[in-house]
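# Overview (structure and organization)
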Amino acid sequence: HRLPELLRQMPKAELHIHIEGSLEPELIFALAQRNGVAIPYRTVEELRSAYAFTNLQSFLDIYYAGASVLLTEQDFYDMAQAYFARAAKDHVVHTELFFDPQTHTARGVSMETVVNGLHRACVDAKAELGLSASLIMCFLRHLSEEDAFATLEQALPYRDRIIGIGLDSGEVGNPPEKFSRVFARCRELGFHLVAHAGEEGPPAYVWTALDVLKVERIDHGVQSSKDAALMRRLAQDRIPLTVCPLSNLKLCVFPDLASHNLRQLLDAGLAVTVNSDDPAYFGGYMNENFTQTFAATGLAAQHAYALARNSFEASFIDASEKRVFI
Ligand code: ES4
Ligand code: ZN
């Protein structure tokens, strides 16, 4: 059929992908063996069968355990390289990767190891796949703002390899304003700013991500449809939402894809994008997110064009280069 073919073939940017969430069970096992790290699963199938989530926290527990096999610069390179190869097949031509340094520095892996491995994979992706890729460092919101400040300090020697700062991990009980001081500092340093908000948390967290943290994009933001004034604000200011339909499905944010509010957000004039979030855990990369969501919600070709255009418009590509895509 023509619509799925359009969805698969159209060039697109992916703006919401946690690189640690692209670690497939096969690679987790290979790295565990390479590094002599013990994991509490005997087989790839046993690990995959543990991927039955009821909410965000039930996923995060397994996601952080999976990341524990990453030790060397080559591990980070291999993980990112596998993602880039897979994304290129889905006609992703630009991507902005989240990474969670605190997950690694807490285990004694240095910031240098993490950033060097990921950055080298970004450079090679451009040369070998024609895929442009940049890095967004996320603070873990279940940890303290003091811990985020220490992480920022460790990252400063690599600031020219990091385009932006994000906020992720368990949302409810950890509102954006918990990180107001460190985000103000990141803003002074000239980083782009984004934050997860309104994934499981209330519209109030989207408001404070915008007005206190002063982020340029909202990651997820699907709970915004519960607040009409917030919807008007997002539309008026064309604040991008990086929506992740299969993630929302697997974490039970919506009972099924047909109930997803992607169409409602688009129809309200919001700058919505479609993304994969943690594709190894949520059962699909970019094209699966597009084809399954379009099939379930009855979106059409004009929505596909809008979503692709939005993904480039919402990206942190330089304005001069952006014109090539839009
Ligand atoms: C995440 Cl789906 C999601 N939400 C919040 N934080 C995350 N980190 C990785 N995936
Ligand atoms: Zn996310």
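Procedures and definitions
Residues numbered from 1 in each chain as written. Chains lettered and ligands numbered in written order. Predicted model: local features only at pLDDT ≥ 70, side-chain atom pairs only at ≥ 80, totals over all residues. Helix = DSSP H or I, 4+ residues; strand = E, 2+ residues; numbered from the N terminus. Rg over C-alpha atoms; globule rule 2.2 N^0.38 Å. Contact = placed C-beta atoms within 7 Å. UniProt positions renumbered as here; feature names shortened; annotations may be inferred. Pairing = 2+ DSSP bridges. Axes fitted to C-alpha atoms, helices over the stretch in contact; angles between N-to-C directions. Core = buried A, V, L, I, M, F, W, Y, C linked by C-beta atoms within 7 Å. Buried ≥ 20, exposed ≤ 12 C-beta atoms within 10 Å, placed from the backbone. Arc of directions from axis to C-beta. pLDDT = per-residue confidence, 0-100.

## Looking at the overall build of the protein chain
A tally of regular secondary structure across the protein chain gives 17 helices and eight strands. Computed over C-alpha atoms, the radius of gyration of the protein chain comes to 18 Å, within 12% of the 20 Å expected from 2.2 N^0.38 for 326 residues, which places it in the range of a compact globule. Along the longest, intermediate and shortest principal axes, the C-alpha atoms of the protein chain span 50 × 45 × 40 Å. Counting only contacts in the protein chain whose residues sit at least 6 apart along the sequence, the fraction spanning at least 24 positions is 76%.

## Section: the environment of Lys178
Looking at where Lys178 falls in the secondary structure, it is placed in the loop between strand 4 (164-168) and helix 9 (180-188). Contact partners of Lys178, with chain neighbours within four places excluded, come to Arg141 and Glu145.

## Notes on the UniProt feature "active site" (unreviewed entry) in the protein chain
Within this structure's numbering, the places UniProt gives as "active site" (unreviewed entry) are Glu199. When you line up the elements, Glu199 lands in the loop between strand 5 (192-197) and helix 10 (203-211). Those residues in contact with Glu199 that lie beyond four places of it in its chain are Leu56, Glu171, His220, Val222 and Val253.

## Regarding the sheet that holds strand 6 (residues 217-220)
Backbone hydrogen bonds hold the strands of a sheet together, and the pairing may be parallel or antiparallel. The strand order across the open sheet built from eight strands is 1-2-3-4-5-6-7-8, with neighbouring strands paired in parallel fashion. The open sheet has two free edges, formed respectively by strand 1 (12-18) and strand 8 (272-274), since each of these has just one partner strand. Across the sheet, the mean angle from the axis of one strand to that of its neighbour is 25°, orientation sign disregarded. Here strand 5 runs beside strand 6; their pairing, made up of four bridges, is parallel. Paired with Ala197 across the strands is His220, a residue of strand 6. Contacts between helix 7 (residues 111-129) and the sheet are confined to strand 2 (92-99) and strand 3 (132-140), with strand 3 contributing the most and set at about 155° to the helix. Helix-sheet contacts for helix 10 involve strand 5 and strand 6, and the interaxial angle to strand 5 is about 170°.

## Some words on the UniProt feature "binding site: substrate" (unreviewed entry) in the protein chain
Following the UniProt record, the feature "binding site: substrate" (unreviewed entry) maps to Asp278 here. Mapped onto the elements, Asp278 comes out in the loop between strand 8 and helix 14 (279-282). If we skip the residues at most four places from it in the chain, Asp278 touches His18, Gly21, Tyr63 and Ser247.

## Observations regarding the nonpolar core
The biggest cluster of nonpolar side chains holds 95 residues, and the ones touching the most others in it are Ile19, Leu97, Phe99, Leu118, Ala209 and Val272. If one sorts the elements of this core by residue count, strand 3 sits on top with seven residues. In contact with Ile19, other than residues within four places in its own chain, are Met79, Ala80, Tyr83, Leu97, Phe98, Phe99 and Leu118.

## Digging into unusual backbone geometry
You will see that Lys214, though not glycine, has its phi angle at about 60°, which is positive. Assignment of secondary structure puts Lys214 in the loop between helix 10 and strand 6. For Lys214, a count of 14 C-beta atoms within 10 Å corresponds to the partly exposed category. The backbone phi angle of Arg238 is positive, close to 45°, even though this residue is not glycine. Along the chain, Arg238 turns up in the loop between helix 11 (228-236) and strand 7 (241-243). Residue Arg238 is classed as exposed on the basis of its C-beta count, with 12 C-beta atoms lying within 10 Å.

## A word on helix 2 (residues 25-35)
Of the positions making up helix 2, those classed as buried are Pro25, Leu27, Ile28 and Leu31. Projected onto a plane normal to the axis of helix 2, the buried residues spread over an arc of 160° and lie on a single side. On its buried face, helix 2 sits against helix 3 (44-49), helix 4 (56-66) and helix 5 (73-89). Among the residues trailing helix 2, Gly36 stands out with phi positive, at a value near 65°.

## Description of the confidence of the model for the protein chain
The share of residues in the protein chain with pLDDT of 70 or more is 100%, and the mean pLDDT across the chain is 97. With a pTM of 0.98, the predicted complex shows an ipTM of 0.98.

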